[in-house]
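Residue-level structure breakdown
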Amino acid sequence: MAQGGTSPAPGAVIVTGGGTGIGAACAARLAADGAAVMICGRTESKLRETAERIGASVQYRVTDVTSEEDVTALVAATVDAFGYLDGVVANAGGGGGFGPYHLQNTAEFLRVLHVNVLGTMLLAKHTIPHLVAAGTGAFVAISSIAGGQTHPYFGAYTVAKAGIEQLVRNAADEYGEVNVRFNAVRPGFIATEIMEGIPRDSPVYASYITNTPLGDVGQPEDVAELVRFLLGRESRWITGQIINIDGGHSLRRGPDFGPFIEPAIGRDAMLARA
């Protein structure tokens, strides 16, 4: 697909965290639309499997998004392979260190901030010149319902996703003049490998379903469709937006992870009571 063409689809895209889950679904959807896609992540076997399953339009590169050297090499390899870059999906991220703030492990808190916020910033830093050169570049970050709604005991994750959202808003303001758009999406419960750790017969899972008007959980492909739209020319007048894709969950309250934590440390410890 030629750079600067009239097709509504992006032509050359980086998808971080592209080996599994939402990232893999985004790569597949974009490739089906004719895009050349570079996926990256830290586990080569998963990247290779996903690239082979999707087809020849997908390449991969092992990358740690918290390493500026790795991100620089990723962007250079993508441009070398495809000739240009006009779309970015900042999907790499994750949580960890569940528990009340007074019991948070500082190193783990920083790790979560780095993989989410620093990883997104480094990807933006090194792709923006190429998105500007493309003339119609678009950057989509994967946030979470936790970025805009309280999720007790999620530790750094809620802070990190809120940070990503503000980065997107600022970048949209800074680069609108050169026609580069930045948006983010907020998935709710999406049935990915990570979320399989929540037993379907648990009160935690029930708290998701009870607070979701559509009464179910989403699929990675649901998010991929929205990401594809935000990268494409159909969304040319949308920038700086944070869009929920959660079955209506954000209309109510966040999930209750207390039943996972309280048995391990007790109610008094959760509330920092002596």
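Reference entry: report on the structure contained in this document. Computed from a predicted model, the values in this text were never measured in an experiment.

Each value, and the rule that gives it
Residues numbered from 1 in each chain as written. Predicted model: local features only at pLDDT ≥ 70, side-chain atom pairs only at ≥ 80, totals over all residues. Heavy atoms only, no water. Helix = DSSP H or I, 4+ residues; strand = E, 2+ residues; numbered from the N terminus. Rg over C-alpha atoms; globule rule 2.2 N^0.38 Å. Buried < 20%, exposed > 50% of the residue type's maximum accessible area, 1.4 Å probe, protein only. Phe/Tyr/Trp six-rings, centres within 6.5 Å; stacked < 30°, edge-to-face > 60°. Core = buried A, V, L, I, M, F, W, Y, C linked by side-chain atoms within 4.5 Å. Contact = heavy atoms within 4.5 Å. Pairing = 2+ DSSP bridges. Axes fitted to C-alpha atoms, helices over the stretch in contact; angles between N-to-C directions.

So, on to the overall build of the chain. A count of helical and extended segments in the chain gives nine helices and seven strands. By the compact-globule yardstick of 19 Å for 274 residues, the chain fits well, its C-alpha radius of gyration being 19 Å. Dimensions of the chain, computed from C-alpha atoms along their principal axes, come out at roughly 65 × 40 × 40 Å. The 274 residues of the chain split such that 51% are buried.

With that settled, consider the packing of aromatic side chains. The description of an aromatic ring pair uses the distance of the two centres, along with the angle that the planes make with each other. According to the stated counting rule, one finds eleven aromatic pairs in the structure shown. Centre to centre, the rings of Tyr175 and Phe182 are 5.9 Å apart; their planes meet at 40°, and the pair counts as tilted. Relative accessible area serves as the criterion here: at 0%, Phe182 is assigned to the buried category. With centroids separated by 5.6 Å and ring planes inclined at 85°, the aromatic side chains of Phe189 and Tyr205 adopt a geometry described as edge-to-face. One end of the pair, Phe189, is in the loop between β6 (181-187) and α6 (203-210); the other, Tyr205, is in helix α6, and 16 residues separate them in sequence. For the pair Phe189 and Tyr205, one class covers both residues: buried.

Our next topic: the nonpolar core. Judged by nonpolar contacts, the single largest core of 32 residues is most densely connected at Ile14, Leu123, Phe139, Ala141 and Phe182. Among the elements that take part in this core, helix α4 (residues 106-134) stands out by supplying six residues, more than any other. For Phe139, the residues in contact, after removing those within four places along its chain, are Val88, Ala90, Thr120, Leu123, Ala124, Thr127, Leu131, Arg181, Phe182, Asn183 and Leu231. By size, the runner-up hydrophobic cluster in this structure holds 27 residues, among which are Ile39, Ala51, Val58 and Val227.

With respect to topology, seven strands assemble into an open sheet ordered β3-β2-β1-β4-β5-β6-β7, the strand pairing being parallel. Both edges of this open sheet fall to β3 (58-62) and β7 (242-245), since each of them pairs with a single strand only. Ignoring strand direction, the axes of neighbouring strands in this sheet form an average angle of 20°. In this structure, strand β5 (residues 138-142) lies alongside β6, joined through five bridges in parallel fashion. Bridge assignment links Ala141 to a residue of β6, and that residue is Ala184. Running at roughly 175° to β3, helix α2 (residues 44-54) makes contact with β2 (36-41) and β3 of the sheet.

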